Amino acid sequence: EQTDQVSCKHERPSRKNIPEPRNSGQPEDEDASTEMGEGLDEWAAAKTLIKPPDQLELTEAELKEEFTRILTANNPHAPQNIVRYSFKERTYKPISYVDQMAIHFSLNGNMILKDSDEGRCQNARLSTEADSKIISEEAAGEEEAEETGTAEAAEAAEAEELPPPRPKERKLANQFNFIERASKTLNNPLRDRACQSEPTPCKNFSATANQWEIYDAYVEELQKMEKSKEKEKPRAHIAKKEEKRRGRKSTSLESQSDDITKVSKAAKIMERMVNQNTFDDIAQDFKYFEDASDEYRDQQGTLLPLWKFQYDKTKRLAVTAISWNPKYKDLFAVGYGSYDFMKQSQGMLLLYTMKNPSFPEYIFSSESGIMCLDIHNDHPHLVAVGFYDGNVAIYNLKKPSSQPSHKSSAKSGKHMDPVWQVSVLFLSSNLLLFMWNLLCLQNELVHTDVIKLSVEGTTMQGPEGLQLQTFGCGTSFDFHKKIDYLFLVGTEEGKIYKCSKCYSSQFLDVFEAHHMAVDAVSWNPYHMKVFISCSSDWTVKIWDHTIKTPMFIYDLNSAVGDVAWSPYSSTVFAAVTTDGKAHVFDLSVNKYEAICTQVVVAKKKNKITHIQFNPVYPVVIIGDDRGHVTCLKLSPNLRRMPKEKKGQEVKKGPEVEIAKLDKLLNLVREPAGQAGR
């Protein structure tokens, strides 16, 4: 029995710590029982817990308190701002999903699938090896049986025949039936959208040309031209008589053939497309470029040159007038003449668009130089023009004729001197202001005297003791933006007259403004009391029409040709001087000097004549006496708007602009007591 127990104990691998039995029986059992008893006593004894010295002492409530901790499978070190290129949307987009798996250990295995071709080949090879071993063992057993004798063979024959033993399958290296499984999500199907226009209709035409067919075609063309001339005779009867007297050929566009007029619209569209491709970099600057260097300048700005408009026939003419179209913000009119009164020649009226800087949209020529122009606010196709010979004309852009639709004459009345400025009223040097009314039935202009300004102390002794009074020579004027009857007139003597349409022989007030001729005078578009003037005495002055002294005076070190208020701010204005410079002021930023002074014309003999702000876009156009018009873009510092504060809306509108200018004027105005002294 003891040997059986020992064998059992040795067969169990989990009882290795039990000591082996000795040869003697009872003493060994007693020793084993005493050892087991001592171990039980040790486990039954009370156990004391050993606490670390820095352990906290907690109450039962604190011990019973449960703290939940949620474990997530997210990787805290995984990036959250991965960006990939989306070929569908053709942009870089952030990825919403991030791979959270972190691999700590990887090992490439050599397991083979049973069902695979390689596994089947290995099984077949191992089975053939096992069959060969069995056959060799059977052959050796037969030889031994023959040697032992017939007795053993007889006993083997009598015994039941046992089935041949099956060959044991040898386990492969791949102990698991490994199956690789994978899943793949479907990608969103891409959709291609395209549009196809209908092909242009085409017709195949073929014919043979003979002499009589060519003759018939010429006869038909002559008949068409005769019919068109008969229709135009009543309209252009007066113009033809004047052309015959002067012996000059007509440059009318109506003489063009019908075939050219049919193609002209399509050709103009194609020309615009070609020009937009040619000047694409300038168009991109016009739309999107903002000078980032303004942030590092001390409130100073710059002017970025964009397009340059020029025409071959106006190279020897000066830009005498510029005006933006009130409806089409990219269209502007330019008048060409000469300020050299000893070299007067013909004039031209051109209309350019920023969409096609290479060639003008409309071309009108005149026998006398154009000195001023203005575009009607309600009817933007009507352009009023004042000539050097004192006449006034109105051009209609809707009509293809190059002649004005309405024009004054010596019979209906005209100015005796050049017309220096034209608006709803027309200004000349002799009889200062005429109001012209258009009589549609008679197709002519009829004038009405508005005011005659006499110069004090300039009476002349006439025949038989008559006292002849001389009139002032007006050079510029401007009507008030809100008060219809109030207007200002600048003269060659340097005075500015405040007048009213209600009084035809008296003026409201006189400002001793400049020492030389007043080149331009303009009301502020926001403030009702403020106007600006410039002169050839190098100064620009800002006035309050209720005070006879100027509020601000700026000396620009050269004769000032023109001045203009900006349409977006009540404190921003620009002036141009004859030394080729443009000056931009912002009174809210700097009351003492310009925030931008830039040379626009490079040549010394070239002089700048006029400047105008675009009513919508942040650009200005500047004309010179060589017939060139340059378009420049204002940098951000020149059109700075109030900054938005957190939680507050920026107030905009005319009331804010009026308050901003009033704040500056209150610093300059004298108190009532000091003014009385």
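What counts and what doesn't
- Residues numbered from 1 in each chain as written.
- Predicted model: local features only at pLDDT ≥ 70, side-chain atom pairs only at ≥ 80, totals over all residues.
- Heavy atoms only, no water.
- Helix = DSSP H or I, 4+ residues; strand = E, 2+ residues; numbered from the N terminus.
- Buried < 20%, exposed > 50% of the residue type's maximum accessible area, 1.4 Å probe, protein only.
- Contact = heavy atoms within 4.5 Å.
- Areas by Shrake-Rupley, 256 points an atom, 1.4 Å probe, with all protein chains shown as cover.
- Pairing = 2+ DSSP bridges.
- Axes fitted to C-alpha atoms, helices over the stretch in contact; angles between N-to-C directions.
- Salt bridge = Lys/Arg side-chain N within 4 Å of Asp/Glu carboxyl O.
- pLDDT = per-residue confidence, 0-100.
- Phe/Tyr/Trp six-rings, centres within 6.5 Å; stacked < 30°, edge-to-face > 60°.
- Lys NZ or Arg CZ within 6 Å of the ring centre and 35° of its normal.
- UniProt positions renumbered as here; feature names shortened; annotations may be inferred.
- Expected span 1.5 Å × (residues − 1).
- Arc of directions from axis to C-beta.
- Patch = residues over 30% accessible without salt bridge, like charges linked within 9 Å, V, L, I, M, F, W, Y side chains within 5 Å.
- Lys, Arg positive; Asp, Glu negative; His and termini not counted.
- Charge placed at Lys NZ, Arg CZ, Asp CG, Glu CD.
- Polar contact = N/O pair within 3.5 Å; in protein donor to acceptor, adjacent residues only side chain to side chain.

Trainee: Could you clarify how one ought to interpret the overall build of the chain in this entry?
Mentor: Helix and strand counts for the chain come out as eleven helices and 32 strands. Classification of the 677 residues of the chain by burial places 32% in the buried group. Across the chain, every contact between residues at least 6 apart in sequence was considered, and the portion connecting residues at least 24 apart equals 47%. In the structure as shown, the chain presents an accessible area of about 48,900 Å², 52% of it carried by carbon and sulfur atoms.

Trainee: When you look at the sheet that holds strand S27 (residues 572-577) in this model, what are you seeing that I'm missing?
Mentor: Sheet strands pair by backbone hydrogen bonding; their relative direction is either parallel or antiparallel. Spatial ordering of the open sheet is given by S26-S27-S28-S29, a layout of four strands whose pairing is antiparallel. The open sheet terminates on both sides in strands that have one partner only, identified here as strand S26 (560-565) and strand S29 (596-599). Between one strand axis and the next, the sheet turns through 15 degrees on average, direction left out of account. Pairing analysis gives four bridges linking strand S28 (residues 581-586) to S29, with the strands arranged antiparallel. Across the sheet, residue Ala-582 finds its bridge partner in S29, namely Gln-598.

Trainee: When you look at the pattern of salt bridges in this model, what are you seeing that I'm missing?
Mentor: Side chains bearing opposite charge may pair, as long as their charged atoms lie close to each other. Under the counting rule described, the total for this entry stands at nine salt bridges. For Arg-272, the salt bridge goes to Glu-361, with nearest N and O atoms at 3.2 Å. Here Glu-361 lies in the loop between strand S6 (347-353) and strand S7 (362-366) and Arg-272 lies in helix H8 (residues 258-278), a separation of 89 residues in the sequence. The exposure class assigned to Arg-272 is partly exposed, which follows from its relative accessible area of 26%.

Trainee: Any chance you could explain the confidence of the model for the chain here in plain terms?
Mentor: Low pLDDT means the predicted coordinates in that region are not meant to be read closely. Confidence in the prediction for the chain averages 76 pLDDT; 71% of positions are at 70 or higher. When mean pLDDT is taken per element in the chain, S27 scores highest with 92 and helix H1 (residues 2-11) scores lowest with 39. For residues 247-256, every residue scores under 50 in pLDDT, and the model assigns this stretch ten contacts once sequence neighbours within four places are set aside. Residue range residues 425-443 is modelled with pLDDT below 50. Its contacts to residues more than four positions away, or to other chains, number 90 contacts.

Trainee: Please explain the packing of aromatic side chains as it appears in this structure.
Mentor: Remark: the centre distance and the inter-plane angle together describe each pair of aromatic rings, the angle taken between the planes. Taken as a whole and assessed by the stated rule, the structure comprises 21 aromatic pairs. Taken together, a centroid distance of 6.3 Å and an interplanar angle of 10 degrees make the contact between Phe-552 and Tyr-554 stacked. Of the two residues examined, Phe-552 and Tyr-554, each falls in the buried class. Three or more aromatic residues joined by ring pairs form one cluster here, namely Phe-552, Tyr-554, Trp-565, Phe-573 and Phe-585. A cation over an aromatic ring shows up here: Lys-268 above the ring of Tyr-362, its NZ or CZ 5.7 Å from the ring centre.

Trainee: Mind showing me how you'd approach the UniProt feature "repeat: WD" (unreviewed entry) in the chain here?
Mentor: As recorded in UniProt, the feature "repeat: WD" (unreviewed entry) lies at residues 511-544. Within the segment residues 511-544, helix and strand shares are 0% and 59% respectively, and the terminal C-alpha atoms sit 11 Å apart.

Trainee: In this structure, what is going on with the sheet that holds strand S32 (residues 629-634)? I would like to understand it.
Mentor: Pairing within the open sheet is antiparallel, and its four strands lie in the order S3-S32-S31-S30. Among the strands making up the open sheet, the edge pair consists of strand S3 (303-309) and strand S30 (608-613). On average, each strand axis in the sheet is inclined to that of its neighbour by 25 degrees, with strand direction left out of account. Lying over the sheet, helix H9 (residues 280-288) contacts S3, strand S31 (619-624) and S32, oriented at roughly 135 degrees with respect to S3.

Trainee: Mind showing me how you'd approach helix H10 (residues 654-668) here?
Mentor: For an α-helix the count is 3.6 residues per turn, leaving residues at separations of three or four pointing the same way. Between its terminal C-alpha atoms H10 stretches 22 Å, which fits the 21 Å expected from 15 residues at 1.5 Å a residue. Every buried residue belonging to H10 is among Glu-657, Leu-661, Leu-664 and Leu-665, and all of these are buried. Looking down the long axis of H10, one finds its buried residues gathered within 100 degrees of arc, a one-sided arrangement. Those residues of H10 that are exposed and angled more than 90 degrees off the buried face are Glu-655, Lys-663 and Leu-667.

Trainee: In this structure, what is going on with the pairing of S6? I would like to understand it.
Mentor: Each regular strand displays side chains that alternate between the two surfaces of the sheet. Counting buried positions along S6 yields seven of seven residues, so the element is predominantly enclosed. The alternating pattern of S6 places Gly-347, Leu-349, Leu-351 and Thr-353 on one face and Met-348, Leu-350 and Tyr-352 on the opposite face, and all of these are buried. Bridging between strand S5 (residues 331-337) and S6 involves six bridges; their strand directions are antiparallel. Along S6, the bridge assignment pairs Leu-331 with Thr-353. As defined by bridge partners, S6 adjoins S7 across five bridges and the pair is classed as antiparallel. Along S7, the bridge assignment pairs Gly-347 with Ser-366.

Trainee: How do you make sense of unusual backbone geometry when you look at a structure like this?
Mentor: Where the residue is not glycine, phi is negative for most of them; where a peptide bond is considered, it is trans in most cases. Phi angles above zero are rare outside glycine, and Trp-538 is one such case at about 80 degrees. With respect to the element layout, Trp-538 can be found in the loop between strand S23 (530-535) and strand S24 (539-544). Relative accessible area serves as the criterion here: at 40%, Trp-538 is assigned to the partly exposed category. Unlike most non-glycine residues, Asn-557 shows phi in positive territory, near 65 degrees. With respect to the helices and strands, the residue Asn-557 is situated in the loop between strand S25 (552-555) and S26.

Trainee: Whenever I open this one, a negative patch on the surface confuses me. Can you help?
Mentor: Judged by side-chain charge, Glu-213, Asp-216, Glu-220 and Glu-221 come together as a negatively charged surface patch. Along the chain, Glu-221 turns up in helix H6 (residues 211-232). Judged by relative accessible area, which is 33%, Glu-221 ranks as partly exposed.

Trainee: Would you explain the side chain of Thr-475 in this entry?
Mentor: By secondary structure assignment, the location of Thr-475 is in strand S18 (residues 474-479). Residue classification places Thr-475 among the buried residues on the basis of a relative accessible area of 14%. Polar contacts involving the side chain of Thr-475 include one to the main-chain carbonyl oxygen of Val-518, which spans 2.5 Å.

Trainee: Is there a simple way to explain the environment of Asp-562 in this structure?
Mentor: Take Asp-562: it is sitting in strand S26. Accessibility expressed as a relative area gives 7% for Asp-562, which makes it buried. Separated by 14 residues in the primary sequence, Asp-562 and Val-576 place their C-alpha atoms 5.7 Å from one another. The contact partners of Asp-562, leaving out residues within four places of it in the chain, are Ala-520, Cys-534, Ala-574, Ala-575, Val-576, Thr-609, His-610 and Ile-611. Here His-610 takes part through its side chain, which lies 3.2 Å from a polar atom of the side chain of Asp-562.

Trainee: Got a minute to help me understand the side chain of Ser-566 in this structure?
Mentor: Within the secondary structure, Ser-566 is located in the loop between S26 and S27. In terms of polar contacts, Ser-566 uses its side chain to reach the backbone carbonyl oxygen of Ser-569, at 3.0 Å. With residues near it in sequence (within four places) discarded, Ser-566 still touches Pro-525, Val-572, Phe-573 and Phe-613.

Trainee: It is not clear to me how a nonpolar patch on the surface should be interpreted in this structure. Could you clarify?
Mentor: Residues Val-83, Tyr-85, Phe-87 and Tyr-92 make up a contiguous nonpolar surface patch of roughly 490 Å² in combined accessible area. Locating Tyr-92 in the fold gives a position in strand S2 (residues 91-94). We classify Tyr-92 as exposed; its relative accessible area is 61%.

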